[in-house]
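These are the residues of each chain, in order.
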Amino acid sequence: MTRVWKWNRPVTVREVLEDLQQERSIAYTTVMTVLDNLHQKGWVRREAEGRAYRYEAVSTRAAYAAALMNDAWSQSDNPAAALVAFFGMMSEEQRLALRDAVRIAQGPEQPEQAGPPEAVEHTGYENPASAEGPTGR
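Residues numbered from 1 in each chain as written. Predicted model: local features only at pLDDT ≥ 70, side-chain atom pairs only at ≥ 80, totals over all residues. Heavy atoms only, no water.

### With respect to the confidence of the model for the chain
In this model, the chain carries a mean pLDDT of 82, and residues with pLDDT of at least 70 account for 80%. Ranking the elements of the chain by mean pLDDT puts strand S4 (residues 126-127) last, at 40, and helix H3 (residues 28-40) first, at 97. Note that pLDDT drops below 50 for residues 114-137; the model gives that stretch 40 contacts with residues more than four away or on any other chain. (pLDDT = per-residue confidence, 0-100. Helix = DSSP H or I, 4+ residues; strand = E, 2+ residues; numbered from the N terminus. Contact = heavy atoms within 4.5 Å.)

### Considerations on the packing of aromatic side chains
Scanning all chains against the criterion turns up four aromatic pairs. Look at Trp5 and Tyr64: their rings are 5.6 Å apart centre to centre, the planes differ by 40°, and that puts the pair in the tilted class. Of this pair, Trp5 sits in helix H1 (residues 2-7) while Tyr64 is found in helix H4 (residues 61-74), placing the two residues 59 residues apart along the sequence. Judged by relative accessible area, which is 15%, Trp5 ranks as buried. Here Tyr64 falls in the partly exposed class, since its relative accessible area comes to 30%. Residues Trp43 and Tyr64 carry aromatic rings whose centres are separated by 4.9 Å and whose planes lie at 55° to one another, so their mutual orientation is tilted. Remark: Tyr64 occurs in helix H4 and Trp43 occurs in the loop between H3 and strand S1 (44-49); sequence separation between them is 21 residues. Taken together, Trp5, Trp43 and Tyr64 form an aromatic cluster joined through their ring pairs. In this structure, Arg46 is placed above the aromatic ring of Tyr53, and the distance from its NZ or CZ to the ring centre is 4.1 Å. (Phe/Tyr/Trp six-rings, centres within 6.5 Å; stacked < 30°, edge-to-face > 60°. Buried < 20%, exposed > 50% of the residue type's maximum accessible area, 1.4 Å probe, protein only. Lys NZ or Arg CZ within 6 Å of the ring centre and 35° of its normal.)

### Notes on the side chain of Thr12
The residue Thr12 is located in the loop between H1 and helix H2 (13-20) in this model. On the basis of relative accessible area, Thr12 is assigned to the buried category, the value being 12%. Dropping the residues within four chain positions of it, Thr12 is found in contact with Tyr53 and Arg54.

### Concerning the pairing of strand S2 (residues 52-57)
Regular strands place side chains that alternate from one sheet face to the opposite one. Relative to S2, S1 runs antiparallel, the two sharing six bridges. The partner of Val44 across the bridge, within S2, is Ala57. Hairpin connection between S1 and S2: a loop of two residues separates the two successive antiparallel strands, and Gly50 in this loop has a positive phi of roughly 70°. (Pairing = 2+ DSSP bridges.)

Spelled out as structure tokens, the structure:
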């Protein structure tokens, strides 16, 4: 999946093979089998192109990571404690990115509370609702 996500376009078995062979020796049939398994599991879709297929990711890497986090969190018997423990493992940069993501997900503030639009530097996302600055303070 890393190779398919990296290219962000439909890829052939041959393209993935050639990319992987820059790092290690691997057989064409191994790559073909893995891509076929990913297709059967619903992770990639494929479209015939001549005698070959082009494979494309069904979702983004970010969506996959979010699904993993949601699945792990939903299995906790104490979700709040799990979040506190998770936040404790985060770097300062990750916490800043989390604050930005929460502001973006919440959407614009009420007009009477909104400040001037500003760019959030560490994520690269525009956050027109932020009146607090990039650190959330």
